[in-house]
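# Survey of secondary and tertiary structure
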Amino acid sequence: MVKILIVDDEPRIRELIRQHLEHAGYECEEAGDGSAALVALGKGGIDLAILDIMMPFVDGMSTLREMRARKIEVPVIMLTARGEEYDRVAGLEGGADDYVVKPFSPRELVARVKAVLARTLPKEKNEGESFVFGGLAIDTASHTVKIDGELVDLTPKEFDLLVFLATNKGIALTREKILQKVWNYDYIGEDRTVDTHIKMLRSHLGPYRGYIETVWGIGYKFDPEGRKA
């Protein structure tokens, strides 16, 4: 899954961006300043960074310069509240791939993210990921699931739930975490929503229903090394 680093000192801005990017199918990580961003980027696994220019301590421009000095070639979209030509030119000349002026439309930002990723990501990653666990095959590009070579008809939400579980293979996930990630942060629901969808998803997986384990007192875990039902 494509991972995007959101760097802004305002939590509400990070949350707004995160909600829209996750709704668009991206995984997100957050940092409140340039120093934290450089630590996250140094660990690898980030496909694109969204950097606010105006931040305390280490600002966006300094972060961008340090990234390029360290040969961190992750594509960058700059956020600026000024809208001045100097900021835009300086950012692009410093190695940024695009910029968005605050206040911005979240839909515009998502569109620019998609455009930058289309130019910079390897084709196979940009088009989606495939997971194969024995006879269970999940293809995020074609949005299909196959059981022993046969297509399985899942609802969009069942598919999203399966992909989220598979992406976090071996990790015990709480119902609250699943609600946040699959139904989005602004979704208000009950634990039974997750339980009901897990039940339906297991019924579709047939002999591989046992891959979704119940972790008592916590939630669920996708374990392809577990037993088949």
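It should be noted that the structure appears before, not after, this text.
A brief report on the enclosed structure follows. Here the structure is a predicted model, which is why all the values come from computation and not from measurement.

A few words now on the overall build of the chain. A count of helices and strands for the chain gives 9 helices and 12 strands. The 229 residues of the chain split such that 45% are buried.

This paragraph deals with the sheet that holds strand β10 (residues 173–174). The 3 strands are arranged β10-β12-β11 in an open sheet whose pairing can be described as antiparallel. Two strands close off the open sheet at either side, each with one partner strand: β10 and β11 (212–215). The strands that helix α7 (residues 156–167) touches are β10, β11 and β12 (219–222); relative to β12, the one it contacts most, it runs at about 70°.

As a further point, take the packing of helix α1 (residues 11–23) against helix α5 (residues 106–120). At a minimum axis separation of 10 Å, α1 and α5 run at an interaxial angle of 60°. Here α1 lies oblique to α5, going by the angle between them. For the crossing formed where α1 meets α5, the hand is right-handed. Within the contact between the two elements, α1 uses Leu16, Ile17, His20 and Leu21 and α5 uses Pro106, Leu109, Val110 and Val113.

Quick look at the packing of aromatic side chains now. The tally for this structure, following the rule as stated, stands at 4 aromatic pairs. Between Phe133 and Phe222, the aromatic rings sit 5.1 Å apart at their centres with planes inclined by 65°, giving edge-to-face as the arrangement. Of the two residues, Phe133 is situated in strand β6 (residues 130–133) and Phe222 in strand β12; the sequence distance between them amounts to 89 residues. Between Tyr211 and Phe222 the ring centres are 6.1 Å apart and the planes differ by 85°, which places this aromatic pair in the edge-to-face class. Taken as a pair, Tyr211 in the loop between α9 (191–205) and β11 and Phe222 in strand β12 lie far apart in primary sequence, 11 residues in all. There is no split in this pair, since Tyr211 and Phe222 are both buried.

So, about the pairing of β11. Remark: a regular strand shows side chains that alternate across the two faces of the sheet. Pairing geometry for β11 and β12, over 4 bridges, is antiparallel. Each bridged residue has a counterpart across the sheet, and for Val215 the counterpart in β12 is Gly219.

Membership of the largest hydrophobic core comes to 29 residues, with the highest contact counts inside it found for Leu136, Ile138, Leu165, Ile178 and Phe222. Of all the secondary-structure elements, those providing two or more residues to this core are β6, β7 (136–139), β8 (144–147), α7, α8 (175–183), α9 and β12. When residues in this core are grouped by element, the largest group, 7 residues, is from α7.

This part takes up unusual backbone geometry. Each neighbour pair has its own omega, and for Lys102 with Pro103 the value is -10°, a cis peptide bond. Mapped onto the elements of the fold, Pro103 is located in the loop between β5 (98–101) and α5. The phi angle at Phe57 is positive, at roughly 65°, despite the residue not being glycine. Within the fold, Phe57 resides in the loop between β3 (48–52) and α3 (60–69). Classification of Phe57 as exposed rests on a relative accessible area of 76%. The phi angle at Asp148 is positive, at roughly 50°, despite the residue not being glycine. Looking at the element boundaries, Asp148 is found in the loop between β8 and β9 (150–152).

Turning next to α1. The end-to-end C-alpha distance of α1 is 18 Å, a good match for the 18 Å that 13 residues give at a rise of 1.5 Å each. The set of residues buried in α1 consists of Ile13, Arg14, Ile17, Arg18, Leu21 and Glu22. One side of α1 carries all its buried residues, which in axial view fall inside an arc of 150°. The outward face of α1, more than 90 degrees from its buried face, is lined by the exposed residues Arg12 and His23. Contacts from the buried residues of α1 go to β1 (3–7), β2 (27–31), β3, β4 (76–80), α5 and α8. Within two residues after α1, Gly25 carries a phi angle of roughly 105°, on the positive side.

Cut-offs used in this document
Residues numbered from 1 in each chain as written. Predicted model: local features only at pLDDT ≥ 70, side-chain atom pairs only at ≥ 80, totals over all residues. Heavy atoms only, no water. Helix = DSSP H or I, 4+ residues; strand = E, 2+ residues; numbered from the N terminus. Buried < 20%, exposed > 50% of the residue type's maximum accessible area, 1.4 Å probe, protein only. Pairing = 2+ DSSP bridges. Contact = heavy atoms within 4.5 Å. Axes fitted to C-alpha atoms, helices over the stretch in contact; angles between N-to-C directions. Parallel < 35°, antiparallel > 145°, perpendicular 65-115°, else oblique. Left-handed = near helix turned anticlockwise from the far one by under 90°. Phe/Tyr/Trp six-rings, centres within 6.5 Å; stacked < 30°, edge-to-face > 60°. Core = buried A, V, L, I, M, F, W, Y, C linked by side-chain atoms within 4.5 Å. Expected span 1.5 Å × (residues − 1). Arc of directions from axis to C-beta.

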